[in-house]
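Tertiary structure, described
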Number of protein chains: 2
Amino acid sequence: MAAEGIARSPGEGLPRGRGESAAAMVAPEPAEGSVGIVAPQHLMLPDGLTLACGARLAPVEITYETYGTLAPTRDNVILLCHALSGGSHAAGKHHPDDRKPGWWDLYVGPGKALDTEWFFVICVNVLASPYGTTSPLSINPATGEPYGLTFPPVAVSDWVELERAVLEQLGIERLYAVVGGSTGGMRAFEWAVRYPERVQKAIVIAAPARSSPMVIALNHIQRQTILMGLMQGGEQGAQRGLALARMLGHISYLSEDALWRKFGREAYPEPDFWGVTFQMESYLEYKASTFVKRFDPYCYLYITRAMDTYDLAATYGEGDLSRALSRVEAEMLFISFTSDWLFPPSGQQEAVQTLQALGKRAQHVIIDSPWGHDSFLVERVKPQLKPILKAFLEGTAADQTPLQTVESLAL
Amino acid sequence: MAAEGIARSPGEGLPRGRGESAAAMVAPEPAEGSVGIVAPQHLMLPDGLTLACGARLAPVEITYETYGTLAPTRDNVILLCHALSGGSHAAGKHHPDDRKPGWWDLYVGPGKALDTEWFFVICVNVLASPYGTTSPLSINPATGEPYGLTFPPVAVSDWVELERAVLEQLGIERLYAVVGGSTGGMRAFEWAVRYPERVQKAIVIAAPARSSPMVIALNHIQRQTILMGLMQGGEQGAQRGLALARMLGHISYLSEDALWRKFGREAYPEPDFWGVTFQMESYLEYKASTFVKRFDPYCYLYITRAMDTYDLAATYGEGDLSRALSRVEAEMLFISFTSDWLFPPSGQQEAVQTLQALGKRAQHVIIDSPWGHDSFLVERVKPQLKPILKAFLEGTAADQTPLQTVESLAL
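Reference entry: report on the structure contained in this document.

How each quantity is defined
Residues numbered from 1 in each chain as written. Chains lettered and ligands numbered in written order. Predicted model: local features only at pLDDT ≥ 70, side-chain atom pairs only at ≥ 80, totals over all residues. Heavy atoms only, no water. Helix = DSSP H or I, 4+ residues; strand = E, 2+ residues; numbered from the N terminus. Buried < 20%, exposed > 50% of the residue type's maximum accessible area, 1.4 Å probe, protein only. Areas by Shrake-Rupley, 256 points an atom, 1.4 Å probe, with all protein chains shown as cover. Phe/Tyr/Trp six-rings, centres within 6.5 Å; stacked < 30°, edge-to-face > 60°. Lys NZ or Arg CZ within 6 Å of the ring centre and 35° of its normal. Least-squares fit on C-alpha atoms with pLDDT ≥ 70 in both. Contact = heavy atoms within 4.5 Å. Buried area = accessible area lost by both parts, 1.4 Å probe. Salt bridge = Lys/Arg side-chain N within 4 Å of Asp/Glu carboxyl O. Polar contact = N/O pair within 3.5 Å; in protein donor to acceptor, adjacent residues only side chain to side chain. Axes fitted to C-alpha atoms, helices over the stretch in contact; angles between N-to-C directions. Parallel < 35°, antiparallel > 145°, perpendicular 65-115°, else oblique. Left-handed = near helix turned anticlockwise from the far one by under 90°. Nonpolar A, V, L, I, M, F, W, Y, C, P; charged D, E, K, R; others polar. Core = buried A, V, L, I, M, F, W, Y, C linked by side-chain atoms within 4.5 Å. Expected span 1.5 Å × (residues − 1). Pairing = 2+ DSSP bridges. Patch = residues over 30% accessible without salt bridge, like charges linked within 9 Å, V, L, I, M, F, W, Y side chains within 5 Å. Lys, Arg positive; Asp, Glu negative; His and termini not counted. Charge placed at Lys NZ, Arg CZ, Asp CG, Glu CD. Disulfide = S-S within 2.5 Å.

Considering the overall build of chain A
For chain A, the count of helices and strands is 10 helices and 15 strands. Here chain A holds 411 residues, and 63% of them are scored as buried. Accessible area of chain A: about 14,800 Å², with a carbon and sulfur share of 52%.

A short note on the packing of aromatic side chains
In total, this model carries 29 aromatic pairs over all chains according to the counting rule given. Taken together, the ring pairs connect Tyr147, Phe151 and Tyr302 of chain A together with Phe273 and Trp274 of chain B into an aromatic cluster. The ring of Trp371 of chain B has Arg261 of chain B lying over it, and the distance from NZ or CZ to the ring centre is 5.9 Å.

Side note on the relation of the copies chain B and chain A
One copy of the chain maps onto the other through a rotation about an axis followed by a shift along the same axis. For the pair chain B and chain A, the relating rotation is 180°, the translation along its axis is 0.0 Å, and the fit reaches an RMSD of 0.0 Å. Within this description, the copies of the chain are treated as partners about a two-fold rotation axis. Across chain B, the rotation axis passes nearest the C-alpha of Gln232 of chain B, at a separation of 2.8 Å.

Thoughts on the interface of chain B and chain A
Taken together, the contacts link 55 residues of chain B with 55 residues of chain A. On the chain B side of the contact with chain A, Arg265, Trp274 and Arg305 of chain B bury the most area, a combined 18% of that side's loss. Applying the counting criterion to the chain B and chain A interface returns six salt bridges. Close ionic contact of Glu281 of chain A with Arg305 of chain B constitutes a salt bridge, the shortest N to O distance being 2.9 Å. In this assembly, chain B and chain A are joined by 24 residue pairs in polar contact (both at pLDDT 80 or more). Breaking the side of chain B that touches chain A down by element, the ones donating at least two residues are α4 (213-253), α5 (256-262), α6 (279-294) and α7 (297-309) of chain B.

Considerations on the packing of helix α3 (residues 213-253) of chain A against helix α5 (residues 279-294) of chain A
Residues and elements named next belong to chain A. Remark: α3 packs on α5, axes separated minimally by 8 Å, with the N-to-C direction vectors making an angle of 120°. Relative to α5, the element α3 is oriented oblique. Helix-helix and strand crossings are classified by hand; for α3 and α5 the assignment is right-handed. Residue-level inspection shows Gln239, Arg240, Leu242, Ala243, Arg246, Met247, His250 and Ile251 of α3 in contact with α5, the latter providing Tyr283, Leu284, Glu285, Lys287, Ala288, Phe291, Val292 and Arg294. Here the contact of α3 with α5 is built from residues that sort into nine nonpolar, two polar and five charged.

Thoughts on the side chain of Asn140 of chain A
Residue and element names in this part refer to chain A. Positionally, Asn140 belongs in strand β9 (residues 139-140). The class for Asn140 is buried, based on a relative accessible area of 14%. There is a polar contact of 2.9 Å between the side chain of Asn140 and the backbone nitrogen of Ala142. In contact with Asn140, not counting residues within four places along its chain, are Glu145, Pro146, Tyr147 and Thr150.

Observations regarding the nonpolar core
Counting 200 residues, the largest nonpolar core has Ile122, Phe189 and Met332 of chain A together with Ile122, Phe189 and Met332 of chain B as its most contacted members. Here Phe189 of chain A is in contact with Val204, Pro208, Ala209, Tyr310, Leu312, Leu325, Met332, Phe334, Ala351 and Leu355 of chain A, once residues within four sequence places are set aside.

Describing helix α1 (residues 156-169) of chain A
Residues spaced three or four apart along an α-helix point in a common direction, a consequence of the helix completing one turn every 3.6 residues. Residue and element names in this part refer to chain A. Between the first and last C-alpha of α1 there are 20 Å, a value that for 14 residues agrees with the 20 Å anticipated at 1.5 Å per step. Those residues of α1 that sit buried are Val156, Ser157, Asp158, Trp159, Val160, Glu161, Leu162, Glu163, Arg164, Ala165, Val166 and Leu167. Positioned one or two residues after α1, Gly171 has a phi angle of 75°, which is positive.

Re the pairing of strand β13 (residues 331-337) of chain B
Residues and elements named next belong to chain B. In terms of burial, β13 is a largely internal element, seven of the seven residues being buried. Neither face of β13 is left uncovered, since the one carrying Glu331, Leu333, Ile335 and Phe337 and the one carrying Met332, Phe334 and Ser336 both have all their residues buried. As paired strands, strand β12 (residues 199-205) and β13 are joined by five bridges and run parallel to one another. What sits directly across from Ile205, in β13, is Ile335.

Details of the pattern of salt bridges
Throughout the structure, instances matching the rule amount to 38 salt bridges over all chains. Linking Asp311 of chain A and Arg265 of chain B is a salt bridge whose minimum nitrogen-to-oxygen distance equals 2.9 Å. Here Asp311 of chain A, found in the loop between α6 (297-309) and α7 (312-317), pairs with Arg265 of chain B, found in the loop between α5 and α6, and the two come from separate chains. Take Arg265 of chain B: its relative accessible area is 15%, and that puts it in the buried class. When salt bridges with common partners are traced through the structure, they connect Glu161, Arg164, Glu168 and Arg194 of chain A into a single cluster.

Some words on the pairing of strand β5 (residues 77-81) of chain A
Residues and elements named next belong to chain A. Burial analysis of β5 places five of its five residues in the buried class, which makes it a mostly covered element. Here β5 shows a buried face lined by Val77, Leu79 and Cys81 and a second buried face lined by Ile78 and Leu80. Relative to strand β11 (residues 175-181), β5 is paired through four bridges, and the arrangement is parallel. Opposite Leu79, over in β11, you have Val178 as the bridge partner.

Structural notes on the environment of Leu301 of chain B
Considering the arrangement of structural elements, one finds Leu301 of chain B in helix α7. With a relative accessible area of 1%, Leu301 of chain B lands in the buried category. For Leu301 of chain B and His250 of chain B, which are 51 residues apart along the polypeptide, the C-alpha to C-alpha distance reads 16 Å. Not counting chain neighbours up to four residues away, the residues in contact with Leu301 of chain B comprise Trp274 of chain A together with Leu149, Arg223, Ile226 and Leu227 of chain B.

Observations regarding unusual backbone geometry
All names here are of chain A. Cis geometry is adopted by the peptide bond preceding Pro59, which originates at Ala58 and carries an omega value of -5°. Topologically, Pro59 is positioned in the loop between β3 (56-57) and β4 (60-67). The backbone phi angle of Arg74 is positive, close to 55°, even though this residue is not glycine. Residue placement: Arg74 occurs in the loop between β4 and β5.

Some points on the environment of Pro146 of chain B
All names here are of chain B. Along the chain, Pro146 turns up in strand β10 (residues 145-146). Looking at Pro146, the relative accessible area reads 45%, which means it is partly exposed. On a C-alpha basis, the gap between Pro146 and Ile172 in space is 33 Å, while along the polypeptide they are 26 residues apart. Once you skip the residues sitting within four places of it in the chain, Pro146 turns out to touch Pro136, Leu137, Ser138, Ile139 and Asn140.

Quick notes on the environment of Val108 of chain A
With respect to the helices and strands, the residue Val108 of chain A is situated in strand β6 (residues 108-109). A sequence separation of 28 residues divides Val108 of chain A from Leu80 of chain A, and the C-alpha atoms of the two residues are 9.5 Å apart.

As for a positive patch on the surface
Taken together, the side chains of Arg99, Lys100, Lys262, Lys287 and Arg294 of chain A make up a positively charged region of the molecular surface. Considering the arrangement of structural elements, one finds Lys287 of chain A in helix α5.

Quick notes on the state of the cysteines
Residue and element names in this part refer to chain A. Enumeration according to the criterion identifies zero disulfides over all chains in this entry. Unpaired in terms of disulfides, Cys81 finds its nearest cysteine sulfur in Cys123, a separation of 7.3 Å. For Cys81, a relative accessible area of 0% translates into the label buried.

Encoded structure:
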């Protein structure tokens, strides 16, 4: 675990409660640093977990990473939740010569939005993901073979339970904050509803209270493409199916505006009429070809199904969203992006309005960004997103306005 | 040809030019009728056509339909252009017991927007479509086998030439109007640019001046899914590939709002975990299963590629849209729908602003509709769309405002 040496005591200057001084917010902006070289950590649950579907999965192995230092009072913990194709490697590098750092290195580190000089950040790889936690790729002890499609269905709430197991292991009862985008945002939201007394603040980025039929439709097509490949062409067929699924997933994370800016109608120099004739197509094929090397078709099937079944109203309110969200005690921040058509601002608006009608502390910030759903991963959005995250994490409730604000992104 | 008996002389009351009386517009709304029973017509071009790609395709057989009566002065002709999966059967029925009439029966008939008591409406099935015009399903006379993937690439301009061949056969030099939606709108627009002196009015519904990279991306994924099915599973595999392609095409014609209204998150009563567990998925599978019975995978490949290559700026302006559109002489009406994310209003706006900057007569009407790209086919949009079409077709240029107007659709 990196950055231990530089951690200050979290009690030092971090405002905690409503009405306290927000002096930390107006301090000079600290220089940003890296968490440096980090190593994944592992936890084995020999007795496994009972899943939402009723199945018992055992054993369960969990891979996670942490950044910063856990305060002796254990009250500086941020649980960071990764998205569909992410993993526990959120910041820093595993090896000095890694080409890229973790998936949210932009926002996790000394002086960054999730400032590891104050916070102890934990990121747990979810069940059914191929990055070190038990998944369809793992060996089923009953058969000695990989689970494949015999793996049990997983739900977003199972991922929350997995994260809770890691926190228990670390002796952490309560989260200062839970933060996530996309399916990670679903998880952050579910934490605030499932364990209200354990979450002080929650940041839900580009995720609603329940998946829309558009998400279900897009995921259905992606899964059926993988399954068609599998049935018609075996493992190799499933790989091409996964590539096509990823292409569809990928464009659902972008916007038409972003595609015009990046590719327009530019021709590909070596056209193949039924293959690639436009740069747009070349890009999709390239992105898909790198994705299939790092991901797995079975994992993709399970994770997208978990997205579909995500519905806080159904799970905690018998279909009534207001009833479900009445459980929330955390102070909540929702962040949407104007050009996100996969999880558009309207989905978050429903959640925020429901919370506000219940008298809960919920804010909604809509960032005017052309980069679609993936805006929270795009470096050019950082000037807008970082101060919003930082103010919410380091400020007090009194500093916040419950009204929706729109930040205009200069392009 | 139906409705001949009821046709009035087209000279009777139809305003033709700028500055004439618009009295016809304020006449009492006539009752709507059907064009009745119609029969497809055929034209054989033994010498075929030279296509935009340079290939000579011969022979070419063309299927088309007409509604209403051609005036002796031949100046009451509306060319109606069908979309991707449509055909020449736009109105009426082929047999009294047909379950459904033609694809635009809402708008074509006595008293309808394209009033067959005044207008002679022609709809021509395009090249590469499976509905009676030469396509990959046709026999290649050189081999005695169906063309399949040896069919030459087709372009939107080839479809215009095909339509021109039908008009020539009928002795029609000039169109009173050309009207189309989606790929039919591309064709209507291309007519106005390619043959400016032959088009008096053009209505382009939900189509831009060039396909966006989003359209190219969605079409690429659809084609690759068909090709994967074909390569891995032969003809049967291609059928499933076509089904999945259609599902993706279909949701690109709808909007998230429409999907919430129609399906929400309703469960399917007999769930199959890797198949259908939501009504949304059941609907997609149902729509796709009916589509594959009436369409063909090869035709789908060719028509989507024609959509991709559609670019008026490239074809008529060496990449300069203003130069291409400077050719236009027709009075033009563009109609967009707010929730259309496949061909969003922004694409039409580019075309309209370019035309207006050139001093051309171009209007843009954006209809506030939740039904997405397919709004022009949705009965609930008719109260908004019909009067707009009718006023443009029957009014004079002096009646029109060049400014963009927004009609709010009561839901």
